[in-house]
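Take a look at the letters that make up each chain.
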Amino acid sequence: MYDKSSLNAEDFINHEEILETIEYAEKNKNNMELINQILDKAAPKKVGDSVVCRGLNHREASVLLACEIPEITERMNKLAEEIKLAYYGNRIVIFAPLYLSNYCVNGCLYCPYHLKNKEIPRKKLTQKEVEEEVIALQDMGHKRLAIEAGEDPVNNPIEYIIDCIKTIYSVKHKNGAIRRVNVNIAATSVEEYKMLKDAEIGTYILFQETYNKKVYEELHPTGPKHNYDYHTEAMDRAMEAGIDDVGLGVLFGLEGYKYEFAGLLMHAEHLEAVHGVGPHTISVPRVKKASDIDPKQFDNGISDEIFAKIIAAIRIAVPYTGMIISTRESEEVRQKVLKLGVSQISGGSRTSVGGYTEEERPTDTEQFDVSDQRTLDEVVKWLMELGYIPSFCTACYREGRTGDRFMSLCKNGQILNCCHPNALMTLKEYLMDYAAEETKAIGEALIKAELERIPKEKVKEIAKDHLEKIEQGIRDFRF
Ligand code: SAM
């Protein structure tokens with residue numbers, strides 16, 4: 001039976017409830033009265049000095065997703081943009097993935113790391129190699145990483161992951177430092193999540209892949225990942241272990257997108273109901289070509305239009321949750337969805353183990369084809385030309401603004417006041433240390449314009465003060 005507060009996967013991601021939701025959405029997809037009510041409910045409202053969004057539940061959001069009336073899609077896009085601007089402003093947080101090991105004991109049918117794939121050379125970074133990769137990433141200007149590894153208790157046990165995290169945080173090369181390590185590793189026990197918490201990780205990210213249990217079990221025929229309940233309940237164990245920020249995601253293309261969309265929102269509702277705080281981020285990967293993997297073998301691929309609609313609908317339904325898009329997507333698609341609510345993107349990514357220290361982008365151990373192959377500097381410049389502020393900020397995490405504290409600040413519209421000056425400061429830092437001349441010129445002009453535009457005198461003062469410190473070369477504080 002559907003129960004969002006239950007700790008059993010099959011209650012909070014209830015198959016019947018998802019089917020009923022899809023049916024309800026289909027039945028109401030042209031019900032203009034209901035659609036108008038839903039859009040009104042989701043619209044940002046001014047309460048005192050703050051802007052407040054109520055979000056939508058999975059049924060309401062599914063109606064919007066099912067509606068095919070072009071005018072409604074247009075209204076959804078406008079609303080998504082409005083919500084994004086109200087909470088995240090024009091900032092886009094930048095990160096890079098760091099692949100530690102492609103050893104894996106699972107049999108996931110869509111993933112090139114699967115045990116039976118003899119085409120990819122298996123590789124695991126030594127601590128020396130982790131250090132070299134981190135130096136290469138710092139030389140690009142990165143401050144925030146998402147570490148990735150296959151599941152292999154012998155080759156990549158939790159102790160190995162912890163050692164890698166310690167190495168990453170310890171590398172201080174020139175002015176560089178990695179200030180936030182997010183972790184994307186397989187579902188594990190409360191005890192191991194506690195070890196990750198103690199290692200001071202940022203967000204724990206785990207993609208559900210698919211919320212449909214039957215499809216999930218078929219796609220994960222062998223290995224520990226086969227256990228749907230253990231995988232689906234992982235975020236509860238992570239939160240029980242004290243990890244405040246968790247990141248959800250599904251791999252679009254494996255199952256029908258309407259099913260995944262409802263499941264994703266039900267998962268978010270469950271976390272909110274049980275832990276008082278929803279997901280920190282939602283990722284929206286789509287299945288890509290990879291070694292021994294042909295995405296055409298999965299018949300639920302979605303068009304760019306549907307993909308954009310899903311993103312807009314997520315932004316409207318969970319206004320306070322960050323949304324991440326990786327280099328699986330092309331520049332063109334990324335440009336389109338940035339407007340609809342994406343708040344974090346990767347740049348200059350290499351999805352191979354040891355890829356950042358290679359001259360050429362290695363393809364033999366790549367996890368998937370990278371569509372956006374631009375350098376970080378090109379991505380930063382492109383963002384600024386589109387009017388966004390690339391942000392390398394990690395301050396929330398170190399200042400303890402995580403979990404429900406982040407969410408309550410966000411809900412009060414306060415994150416804007418911290419994030420905007422911090423984003424400008426970290427951009428300034430990037431421009432001074434790493435940017436190409438043209439990027440620097442554009443960035444300086446953008447910062448100047450932003451500082452003049454910010455009406456709040458206080459924010460302006462703080463920003464200027466910090467900017468001066470950076471210019472004087474004082475680097476003993478972090479953003
Ligand atoms: N091993 C970890 C786990 O089991 O969750 C996560 C690491 S894996 C490197 C990160 C994610 O890559 C997976 O959760 C999956 O969604 C995604 N992925 C796997 N194969 C892919 C493909 N062919 N195209 C796009 N993304 C893929």
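What counts and what doesn't
- The numbers attached to residues start from 1 for each chain and follow its sequence in the written order.
- Given that the model is predicted, a residue must reach a pLDDT of at least 70 before its local features are reported, and side-chain atom pairs must reach 80 or more before they are shown or counted; all residues, however, enter totals for whole chains, interfaces and linings.
- No hydrogens and no water enter the side-chain calculation; it runs on all heavy atoms of the structure.
- Helical segments are the DSSP runs of H or I of at least four residues, strand segments are the runs of E of at least two, and each set is numbered from the N terminus.
- C-alpha atoms define the radius of gyration in this analysis, and the globule rule sets the expected value at 2.2 Å times the number of residues to the power 0.38.
- For the exposure calls, accessible area comes from a 1.4 Å probe over protein chains only, and a residue counts as buried if that area is under 20% of its type's maximum, exposed if over 50%, partly exposed in between.
- Any two residues whose heavy atoms approach within 4.5 Å at even a single point are treated as in contact.
- A 1.4 Å probe and the Shrake-Rupley method give the accessible areas. Residues count as covered only by the protein chains that appear here.
- Two residue types count as positive, namely Lys and Arg, and two as negative, namely Asp and Glu; His and chain ends fall outside the count.
- Throughout, a charge is located at the NZ atom of Lys, the CZ atom of Arg, the CG atom of Asp or the CD atom of Glu.
- It suffices for a single heavy atom of a residue to lie within 4 Å of a molecule or strand for the residue to be listed as near it.
- Distance and chemistry together define a polar contact, namely a pair of N or O atoms within 3.5 Å, with one atom able to donate a hydrogen and the other to accept it when in protein, and with adjacent residues in sequence counting only for side-chain atoms on both sides.
- Using only the protein atoms, space was sampled on a 1 Å grid; points where a 1.4 Å probe fits but cannot get out form cavities, open sets with protein on both sides within 12 Å along at least five of seven lines form pockets, and lining residues are those with an atom within 4 Å of a point.
- Think of it this way: a molecule belongs to a cavity or pocket when more than half its atoms come within 2 Å of the grid points there.
- Think of a nonpolar core as a cluster: buried Ala, Val, Leu, Ile, Met, Phe, Trp, Tyr and Cys residues, connected wherever their side-chain atoms sit within 4.5 Å.
- Just so you know, the domain bounds were taken from an automatic or database domain assignment.
- If DSSP finds at least two bridges between two strands, the strands pair.
- Handedness of a crossover is defined as follows: with both strands directed away from the viewer, a clockwise route from the first strand across the helix to the second makes it right-handed.
- Working convention: axes come from line fits to C-alpha atoms, limited for helices to the stretch in contact. Angles between N-to-C directions cover 0 to 180 degrees.
- Here a crossing is taken to be left-handed if its near helix is turned anticlockwise relative to the far helix by less than a right angle, and right-handed if that turn runs clockwise.
- Three categories are distinguished: nonpolar for Ala, Val, Leu, Ile, Met, Phe, Trp, Tyr, Cys and Pro, charged for Asp, Glu, Lys and Arg, and polar for the others, with Gly belonging to the last.
- Note on aromatic contacts: the rings of Phe and Tyr and the six-membered ring of Trp form a pair at centre separations within 6.5 Å, being stacked when their planes are under 30 degrees apart, edge-to-face when over 60 apart, and tilted otherwise.
- For a lysine, the NZ atom is tested; for an arginine, the CZ atom; a charge sits over a ring if that atom is within 6 Å of the ring centre and within 35 degrees of the ring normal.
- The term salt bridge refers to a side-chain nitrogen of Lys or Arg lying within 4 Å of a carboxyl oxygen of Asp or Glu.

S.K.: An account of the overall build of the protein chain is requested, with residue identities and associated values reported.
M.R.: A count of helical and extended segments in the protein chain gives 20 helices and eleven strands. Here the protein chain has a C-alpha radius of gyration of 21 Å; the compact-globule value for 479 residues is 23 Å, and the two agree. Expressed along its principal axes, the backbone C-alpha trace of the protein chain runs to roughly 60 × 55 × 40 Å. Put simply, the protein chain has 479 residues, and 60% of those count as buried. Of all intrachain contacts in the protein chain linking residues separated by at least 6 positions in sequence, the fraction that spans at least 24 positions is 75%. Total accessible area on the protein chain stands at roughly 19,100 Å², and carbon and sulfur atoms take up 50% of it. Counting 61 positive and 78 negative side-chain charges, the protein chain places the averaged centre of each group 4 Å from the other.

S.K.: Report on unusual backbone geometry, specifying residues and quantitative values.
M.R.: Most peptide bonds take the trans configuration, and most residues that are not glycine carry a negative phi. Phi is positive for Glu 200, close to 65°, though the residue is something other than glycine. Tracing the backbone through its elements, the reader meets Glu 200 in the loop between α8 (190-198) and β6 (204-205). The backbone of Glu 209 sits at a positive phi, close to 70°, despite the residue not being glycine. Mapped onto the elements of the fold, Glu 209 is located in the loop between β6 and α9 (213-219).

S.K.: Report on the site of the ligand, specifying residues and quantitative values.
M.R.: Among the 22 residues in the neighbourhood of the ligand, the closest are listed as Tyr 110, Ala 149, Glu 209, Lys 225 and Lys 288. The separation between a nitrogen atom of the ligand and a polar main-chain atom of Ala 149 is 2.9 Å. Glu 209 places a polar side-chain atom, nitrogen or oxygen, 2.5 Å from an oxygen atom of the ligand. Expressed as a share of its isolated accessible area of 570 Å², the protein-covered part of the ligand is 97%. When atoms are counted within 2 Å of each cavity's grid points, the one that captures over half of the ligand is the largest cavity.

S.K.: Break down the nonpolar core for me, citing the residues and quoting the values.
M.R.: Core analysis: the largest hydrophobic core is formed by 142 residues, its most contacted members being Leu 98, Ile 165, Leu 196, Tyr 204 and Ile 345. For this core, the two domains that each supply at least three residues are domain 1 (86-408) and domain 2 (417-471). Residues within four places of Ile 165 in sequence aside, it is in contact with Ile 147, Val 181, Val 183, Leu 196, Ala 199 and Ile 201.

S.K.: Any chance you could break down the pairing of strand β9 (residues 322-325) for me, citing the residues and the numbers?
M.R.: Every second residue of β9 is oriented toward a common face, with Gly 322 and Ile 324 on one face and Met 323 and Ile 325 on the other, all of them buried. As defined by bridge partners, strand β8 (residues 281-283) adjoins β9 across three bridges and the pair is classed as parallel. Looking across to β9, one finds that Ile 282 is bridged to Met 323. For the segment spanning β8, helix α13 (residues 304-317) and β9, crossover handedness is right-handed. Sheet analysis places β9 next to strand β10 (residues 344-346), joined by two bridges and oriented parallel. Across the sheet, Ile 324 pairs through a bridge with Gln 344, a residue of β10. Between β9 and its parallel partner β10, the chain crosses via helix α14 (residues 331-338), and the hand of that crossover is right-handed.

S.K.: Please give an account of the packing of helix α15 (residues 376-385) against helix α19 (residues 437-453) that cites residues and values.
M.R.: Two elements in contact, α15 and α19, have axes separated by 10 Å at closest approach and are oriented at 35°. At the point where α15 passes α19, the crossing takes the left-handed sense. Taken together, the residues of α19 that come into contact with α15 (itself represented by Asp 377, Val 380, Lys 381, Met 384 and Glu 385) are Glu 438, Thr 439, Ile 442, Gly 443 and Leu 446. Of the residues contributing to the contact of α15 with α19, the split by class is four nonpolar, two polar and four charged.

S.K.: Could you give me a rundown of the packing of aromatic side chains, with the residues and numbers involved?
M.R.: What describes a pair of aromatic rings is the distance from one ring centre to the other and the angle between the planes of the rings. Taken as a whole and assessed by the stated rule, the structure comprises five aromatic pairs. When the ring of Tyr 193 is compared with that of Tyr 204, the centres are 4.8 Å apart and the planes differ by 65°; the resulting orientation is edge-to-face. With Tyr 193 in helix α8 and Tyr 204 in strand β6, the pair connects residues that are eleven residues apart, well separated along the chain. The exposure class of Tyr 204 is buried, given its relative accessible area of 0%. Ring geometry for Phe 392 and Tyr 430: centres 5.0 Å apart, planes at 10°, overall stacked. Linking Phe 392 in the loop between β11 (389-391) and α16 (395-398) with Tyr 430 in helix α18 (residues 415-433), this pair joins segments that are 38 residues apart in sequence. Site record: aromatic cluster; members linked through ring pairs are Phe 392, Tyr 430 and Tyr 434. One Lys or Arg, Lys 124, reaches over the ring of Tyr 160 and ends 4.5 Å from the middle of that ring.

S.K.: Now, about the pairing of strand β3 (residues 91-101): what can you tell me, with residues and values included?
M.R.: A large share of β3 lies buried, amounting to eleven of its eleven residues. As defined by bridge partners, β3 adjoins β11 across three bridges and the pair is classed as parallel. Residue pairing for β11: Val 93 is matched across the bridge by Ser 391. Summarising the sheet, β3 and β10 pair through three bridges and their orientation is parallel. Paired with Ile 94 across the two strands is Ile 345, which belongs to β10. Relative to strand β4 (residues 144-149), β3 runs parallel, the two sharing five bridges. The partner of Tyr 99 across the bridge, within β4, is Glu 148. Handedness of the crossover joining β3 and β4 through helix α6 (residues 127-140): right-handed.

S.K.: Tell me about the pattern of salt bridges, and name the residues and values.
M.R.: Inspection of the entire model under this criterion finds 22 salt bridges. Linking Glu 429 and Arg 179 is a salt bridge whose minimum nitrogen-to-oxygen distance equals 3.0 Å. Of this pair, Glu 429 sits in helix α18 while Arg 179 sits in the loop between α7 (158-170) and β5 (180-184), and the two are 250 residues apart along the sequence. Here the two residues Glu 429 and Arg 179 agree in accessibility, since each one is buried. Here Asp 245 and Arg 180 are joined by a salt bridge, their closest N and O atoms 3.5 Å apart. Of the two residues, Asp 245 sits in the loop between α11 (234-240) and β7 (246-249) while Arg 180 sits in strand β5, which places them 65 residues apart along the sequence. Connected through shared salt-bridge partners, Glu 331, Arg 334, Asp 372 and Arg 374 make up one network.

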